[in-house]
Amino acid sequence: MKRSLLIVLAVFTLNSCAELQGIVDTLPQGGSILSNADMAAGLRQALDFGIEKQVAKLTKTDGFYKNELVKILLPAELQKVDKGLRDIGLGNLADEGLKALNRAAEDAVKEATPIFVNAVKEITFGDAKNILLGNDDAATQYLTGKTQTSLYSKFHPVINKSFAKVGADQIWANLINKYNAIPFTSKVNPDLTDYVTAEALKGVYTMIAVEEKEIRNSVAARSTDLLKRVFAMQDKK
C-alpha cells in the first residue's frame with residue numbers, strides 16, 4: 001500500500017493534537033492536517049449539496065417522469081394492465097396512469113428535506129472516517145441507513161395525499177376498472193401507495209449518490225475550500 005495511504009490512515013486513528021502534529025510533519029508537499037470537526041463538516045457539506053442540488057430536482061414537474069435514473073415504472077402486476085389497455089386502444093389512458101405515479105412521487109419528495117438535514121447533522125468523526133475511505137456511495141449508504149425507516153413512515157401518508165392531489169387515485173381507479181372489465185382477465189387491486197413510496201425513496205437516494213460520486217471523482221465539483229481539503233485526503237487512498 002502506498003506510503004500516502006498509510007499516512008492518511010494513521011491520521012484518522014490518532015486522537016491527540018500532539019500526535020496529529022507529528023503526522024503533519026511527515027505529509028508530502030507540506031499538506032495541512034484536517035481536524036476531526038473539519039472532516040465531519042466536509043462530509044455534511046457534500047451530503048447537503050446532494051440534497052440541495054439533486055433531491056430538489058425531483059420535486060419539479062417531470063423530476064421523476066423524465067429522469068431515466070429514477071422514473072417510476074409499473075410494478076409487475078400492473079404491466080398486464082398496461083398491455084391490456086393498449087391492446088384495446090387505451091394507450092393514452094395507460095400513459096396518464098404511469099405519469100400519475102411519478103407526479104405523486106414528485107409532490108411527496110418535498111417532505112424529505114427536513115429528515116435528511118437532521119440526519120446529516122448527526123454525522124460524527126467516526127462516521128466521516130468510514131465514509132471518506134469508503135466506496136463512491138458510502139455517504140449515501142450512511143444516509144440511507146439513518147433515514148430510510150423515518151422517511152418511509154413520512155412518505156407513505158404523503159404519497160396517499162399526493163395521489164389525491166394530483167388525481168392519481170381517480171386515474172388509477174378508472175384504469176383498473178376498465179382493465180377488470182376486459183373479458184377473461186384476472187382482476188387486479190394493487191397497493192400503489194406502498195409501491196410508489198418505496199420507488200420514490202429509491203429515487204431520492206439515487207440522486208444523492210449522483211452528487212456524491214461527482215464530488216468524489218471530480219475536483220471541479222468540489223466547490224468550496226472545505227470540500228477540496230477533505231476530499232483531497234480521500235484521493236490519497
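Quick note: structure is the one above.
Residues numbered from 1 in each chain as written. Predicted model: local features only at pLDDT ≥ 70, side-chain atom pairs only at ≥ 80, totals over all residues. Heavy atoms only, no water.

A. Inspection of the overall build of the protein at higher detail. When its secondary structure is counted, the protein shows eleven helices and zero strands. Going from N to C terminus, the protein has its helices and strands arranged as α-α-α-α-α-α-α-α-α-α-α. Looking at the protein residue by residue over its 237 residues, the buried ones come to 47%. A separation threshold of at least 6 residues defines the contact pool for the protein, and within that pool the share at least 24 residues apart is 80%. When the accessible surface of the protein is summed, it comes to about 11,900 Å², and 52% of that surface belongs to carbon and sulfur atoms. (Helix = DSSP H or I, 4+ residues; strand = E, 2+ residues; numbered from the N terminus. Buried < 20%, exposed > 50% of the residue type's maximum accessible area, 1.4 Å probe, protein only. Contact = heavy atoms within 4.5 Å. Areas by Shrake-Rupley, 256 points an atom, 1.4 Å probe, with all protein chains shown as cover.)

B. Main features of the packing of helix H5 (residues 91-108) against helix H9 (residues 168-180). Where H5 meets H9, the closest approach of the two axes is 9 Å, and the angle between their N-to-C directions is 140 degrees. Viewed along their axes, H5 and H9 adopt a mutual orientation that is oblique. Read as a crossing pair, H5 and H9 show a hand that is left-handed. Packed against H5, whose contacting residues are Leu93, Ala94, Glu96, Gly97, Leu98, Ala100 and Leu101, the element H9 presents Ala168, Ile171, Trp172, Asn174, Leu175 and Lys178 at the interface. A per-class count over the contact of H5 with H9 returns nine nonpolar, two polar and two charged. (Axes fitted to C-alpha atoms, helices over the stretch in contact; angles between N-to-C directions. Parallel < 35°, antiparallel > 145°, perpendicular 65-115°, else oblique. Left-handed = near helix turned anticlockwise from the far one by under 90°. Nonpolar A, V, L, I, M, F, W, Y, C, P; charged D, E, K, R; others polar.)

C. Focus on the nonpolar core. Core analysis: the largest hydrophobic core is formed by 67 residues, its most contacted members being Phe116 and Trp172. With ten residues, helix H10 (residues 192-217) is the largest single contributor of residues to this core. (Core = buried A, V, L, I, M, F, W, Y, C linked by side-chain atoms within 4.5 Å.)

D. Region of the structure containing the pattern of salt bridges. For the coordinates displayed, the defined rule picks out 13 salt bridges. With a closest N to O distance of 3.1 Å, Lys202 and Glu199 form a salt bridge. Taken together, the residues Lys202 and Glu199, both in helix H10 and three residues apart, mark about one turn of the helix. A relative accessible area of 51% places Lys202 in the exposed class. Linked by salt bridges that have partners in common, Asp62, Lys66, Arg103 and Glu106 make up one network. (Salt bridge = Lys/Arg side-chain N within 4 Å of Asp/Glu carboxyl O.)

E. Local environment of unusual backbone geometry. Notably, Asp62 is not glycine yet its phi reads approximately 70 degrees, a positive angle. Turning to its location among the elements, Asp62 is positioned in the loop between helix H3 (36-58) and helix H4 (76-87).

F. Representation of the packing of aromatic side chains within the structure. Counted according to the given criterion, the structure contains zero aromatic pairs. In this structure, Lys71 is placed above the aromatic ring of Tyr65, and the distance from its NZ or CZ to the ring centre is 4.7 Å. (Phe/Tyr/Trp six-rings, centres within 6.5 Å; stacked < 30°, edge-to-face > 60°. Lys NZ or Arg CZ within 6 Å of the ring centre and 35° of its normal.)

G. Quick look at the side chain of Asp107. Mapped onto the secondary structure, Asp107 falls in helix H5. Apart from residues no more than four positions distant in its own chain, Asp107 is found in contact with Ser162 and Lys165.

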